[in-house]
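Commentary on secondary and tertiary structure
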Amino acid sequence: MKKHNYSAGPSILPQEVFEKASKAILNFNDSGLSILEISHRSKDFVAVMDEARSLALELLGLQGKGYQALFLQGGASTAFLMAPYNLMKEDGKAAYLDSGTWATAAIKEAKLFGEIVIVGSSKEDNYTHIPKGYEIPGDADYFHCTSNNTIFGTQMHEFPSTSIPVVCDMSSDIFSRQLDFSKFDLIYAGAQKNMGPAGTTLVVIKEEILEKNGRTIPSMLDYAKHIKAESMYNTPPVFSVYVSLLTLQWIKEKGGIAAVEKLNNAKADLLYAEIDRNPLFKGAANIEDRSKMNVTFLLNNPEHTETFDALWKAAGISGLPGHRSVGGYRASIYNAMPIESVQVLVDVMKALESKV
Ligand code: PLP
């Protein structure tokens, strides 16, 4: 039996994508060769890269608007340093919103490049909410935020308006909801939650913001060089890019981000309704900032832990324990999670209520 996988990652992908990817490992496009052994310069793989780059922009509504999509390596953690390297001037500064562990990691890297202004932080409240009411200095080189805080289960539902470039880490909610993506100048997302296997990072960048900060940037960290090389500056992570393409095609077939978002809303509503209804549970994040991708919740009485854990394990659920910095439970309900699996969890929560 396939498990109901609530893990926060990596690689929570649709079953069809896993099946097509498995076939491509053995015989890619009926070529008699594996996707893992064809040349990345072959016509077949260049077509994969081109389609993945163009479909990413199409789904985000950014085609023909001065943006480029890249599939790079090094994870979102490398983007933490590539953003300041490419955008911060030698004597410049950047503004950051500190909304969780990953934002903190991005800030740590950016500090290596210049002054960092932390415009707002929810650290004192263990990141149970998104900081609000902050001001972004108009003379900073860019503003950086994290759209979804994977660990704490909070999500930005509004983004500030500012005249400076906006950089956003969308690792854990890319392609899950419709936004005006043209408000962002640089979006990056590790593939391994909503898009593909770990090993590639989608970077979507407005070309006009590049090559303006006067720094000499090592080639592999230079977005402009990757754009010139059409995301093939060095050997790309072929399998991760190919599987990401399969997922993007799956999203398009479903009706695009808007259709996927509708389903994501239904899943999140179902689960949060049970958390709020069931007297045994409480949500970990502030209601107005709740994430529709990572649902964090706690048992009101920790004495029920053993019984609850036995119930969800018996129901074929895996990956439910929360991150150590929050405790309790985290149900990651990425795009590929069917609503039927969410119903299984809700039923288990109800079963606990009737049992204790
Ligand atoms: N940003 C967010 C929001 C994440 O959830 C993660 C990983 O879970 C990262 C960054 C780090 O990504 P990577 O492991 O690709 O470096």
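Structure first, text after, so check above.
Everything in this summary refers to the structure shown in the same document. Note that the structure is a prediction, hence the values are computed from the model and not measured.

The geometry of an aromatic ring pair is captured by the separation of the ring centres together with the interplanar angle, meaning the angle of the planes. Evaluation of the coordinates by the stated rule reveals eleven aromatic pairs. Between Phe159 and Phe184, the aromatic rings sit 5.0 Å apart at their centres with planes inclined by 85 degrees, giving edge-to-face as the arrangement. Note that Phe159 is positioned in the loop between strand E7 (154-155) and strand E8 (166-169) and Phe184 in the loop between E8 and strand E9 (186-190), a separation of 25 residues in sequence. The exposure class of Phe159 is buried, given its relative accessible area of 16%. Phe184 sits in the buried class, given a relative accessible area of 2%.

Our focus in this paragraph is the pattern of salt bridges. A complete count under the given rule lists 13 salt bridges for this structure. For Lys252, the salt bridge identified is with Glu58, shortest N-O distance 2.9 Å. Here the residue Lys252 occupies a position in helix H6 (residues 238-254), and Glu58 occupies one in helix H2 (residues 43-60), the gap between them amounting to 194 residues. Its salt-bridge partner being Lys132, residue Glu288 comes within 3.2 Å of it at the nearest N-O pair.

Between its first and last C-alpha, helix H7 (residues 256-277) extends 32 Å over 22 residues, near the 32 Å set by a 1.5 Å rise per residue. Where H7 is concerned, the buried positions are Gly256, Ile257, Val260, Asn264, Lys267, Ala268, Leu271, Tyr272, Glu274 and Ile275. In a view along the axis of H7, the buried residues occupy a sector of 155 degrees, so they form one face of it. Summarising the contacts, the buried residues of H7 are in contact with H2, H6, strand E11 (281-283), strand E12 (294-299), strand E14 (329-332) and helix H9 (339-355).

Conventions and cut-offs
Residues numbered from 1 in each chain as written. Predicted model: local features only at pLDDT ≥ 70, side-chain atom pairs only at ≥ 80, totals over all residues. Heavy atoms only, no water. Phe/Tyr/Trp six-rings, centres within 6.5 Å; stacked < 30°, edge-to-face > 60°. Helix = DSSP H or I, 4+ residues; strand = E, 2+ residues; numbered from the N terminus. Buried < 20%, exposed > 50% of the residue type's maximum accessible area, 1.4 Å probe, protein only. Salt bridge = Lys/Arg side-chain N within 4 Å of Asp/Glu carboxyl O. Expected span 1.5 Å × (residues − 1). Arc of directions from axis to C-beta. Contact = heavy atoms within 4.5 Å.

Honestly, it's all geometry; don't read function into it.
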